[in-house]
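A look at the structure
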Amino acid sequence: MLGNLADLAATGLASEPTLRKWLKEQPDCDWLKKRGSNGDAYEIDIPGAIAAWKAKEGDKAEVERQKSEALGQLALELGLVAPAGPTLSIADRKALVDEEISAMKLAHLRKELVPVVSVDGAVGDILARYAQRAATFSARLAKKIDLTREQLVAIEALRAADQNWFADQMENWGKDIVDRRDDPAAALEAPAPNDGR
């Protein structure tokens, strides 16, 4: 079925200006019977033009799919996880990858081998788990050994003092403050030998 540019636009493929631009870019082909010019209409084999348009759109979609796949692979190599939910556009994915690359470069400049946030999270998690176990230490010890109430209170007081000391050390970490006067374990260390000097 032959038609003109308006007939092709009426199929709903695209707007008339878009189709006109596309037709100008086309090489000589079987479905483009006659090119239009001022006052002279196009002669187009409508089914052939539709098939060519769909093939072009399919090629464009395949290029986008390949780009998306390449960006996804790059994200995996960078240690990123593909987001759940709606698929991100190529531009959004590229922005995320660029952001991650910038963060990695900044970490390299700061000489961070591991992101500080992940270390903070891991240390915080370990300390919270330790605090939970330490809180039940006296009760667990009492199940294994026969202890008096006074002994349990003394053990619990020593454990609490250790925990407070440890919290102070963590708070002053990196400040080059080493004060062992309040260290509860310091009292258990053997005194230095007196050689008579």
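What you are looking at is a predicted structure, and each value in this text was computed from that prediction instead of being measured.

A few words on the overall build of the protein. Looking only at helices and strands, one finds seven helices and three strands in the protein. The order of helices and strands in the protein, counted from the N terminus, is β-α-α-β-β-α-α-α-α-α. In the protein, which comprises 197 residues, the proportion classed as buried is 13%. Across the protein, the fraction of contacts at a sequence separation of at least 24, relative to all contacts at a separation of at least 6, is 39%.

With their axes 9 Å apart at the nearest point, helix 6 (residues 137-144) and helix 7 (residues 149-171) run at an angle of 145 degrees to one another. For the element pair helix 6 and helix 7, the recorded crossing hand is right-handed. Facing Phe137, Ser138, Leu141 and Ala142 of helix 6, the residues of helix 7 in contact are Leu152, Ile155, Glu156 and Arg159. Across the contact of helix 6 with helix 7, the residue classes tally to five nonpolar, one polar and two charged.

The sheet built from three strands is open, its strands ordered 1-3-2 with antiparallel pairing. At either margin of the open sheet sits one strand with a lone partner, and together these are strand 1 (2-3) and strand 2 (32-34).

Counting across every chain of the model gives seven salt bridges. For Arg20, the salt bridge identified is with Glu16, shortest N-O distance 3.5 Å. Of this pair, Arg20 and Glu16 both sit in helix 2 (residues 16-25), four residues apart, roughly one helical turn. Looking at Glu16, the relative accessible area reads 33%, which means it is partly exposed. Among the ionic pairs, Lys60 bridges to Glu57, the shortest N-O distance being 3.6 Å. Of this pair, Lys60 and Glu57 both sit in helix 3 (residues 46-77), three residues apart, roughly one helical turn. The exposure class of Lys60 is partly exposed, given its relative accessible area of 47%. Sharing partners across several salt bridges, the network here consists of Lys56, Glu57 and Lys60.

A few words now on the side chain of Arg159. Here Arg159 is to be found in helix 7. At a separation of 3.1 Å, a polar atom in the side chain of Arg159 contacts the main-chain carbonyl oxygen of Ala134. Here the side chain of Arg159 touches Glu156 through a polar contact of 2.6 Å, side chain to side chain. Residues contacting Arg159, with those up to four places away along its chain left out, are Ala134, Ala135 and Phe137.

Calculation notes
- Residues numbered from 1 in each chain as written.
- Predicted model: local features only at pLDDT ≥ 70, side-chain atom pairs only at ≥ 80, totals over all residues.
- Heavy atoms only, no water.
- Helix = DSSP H or I, 4+ residues; strand = E, 2+ residues; numbered from the N terminus.
- Buried < 20%, exposed > 50% of the residue type's maximum accessible area, 1.4 Å probe, protein only.
- Contact = heavy atoms within 4.5 Å.
- Axes fitted to C-alpha atoms, helices over the stretch in contact; angles between N-to-C directions.
- Left-handed = near helix turned anticlockwise from the far one by under 90°.
- Nonpolar A, V, L, I, M, F, W, Y, C, P; charged D, E, K, R; others polar.
- Pairing = 2+ DSSP bridges.
- Salt bridge = Lys/Arg side-chain N within 4 Å of Asp/Glu carboxyl O.
- Polar contact = N/O pair within 3.5 Å; in protein donor to acceptor, adjacent residues only side chain to side chain.

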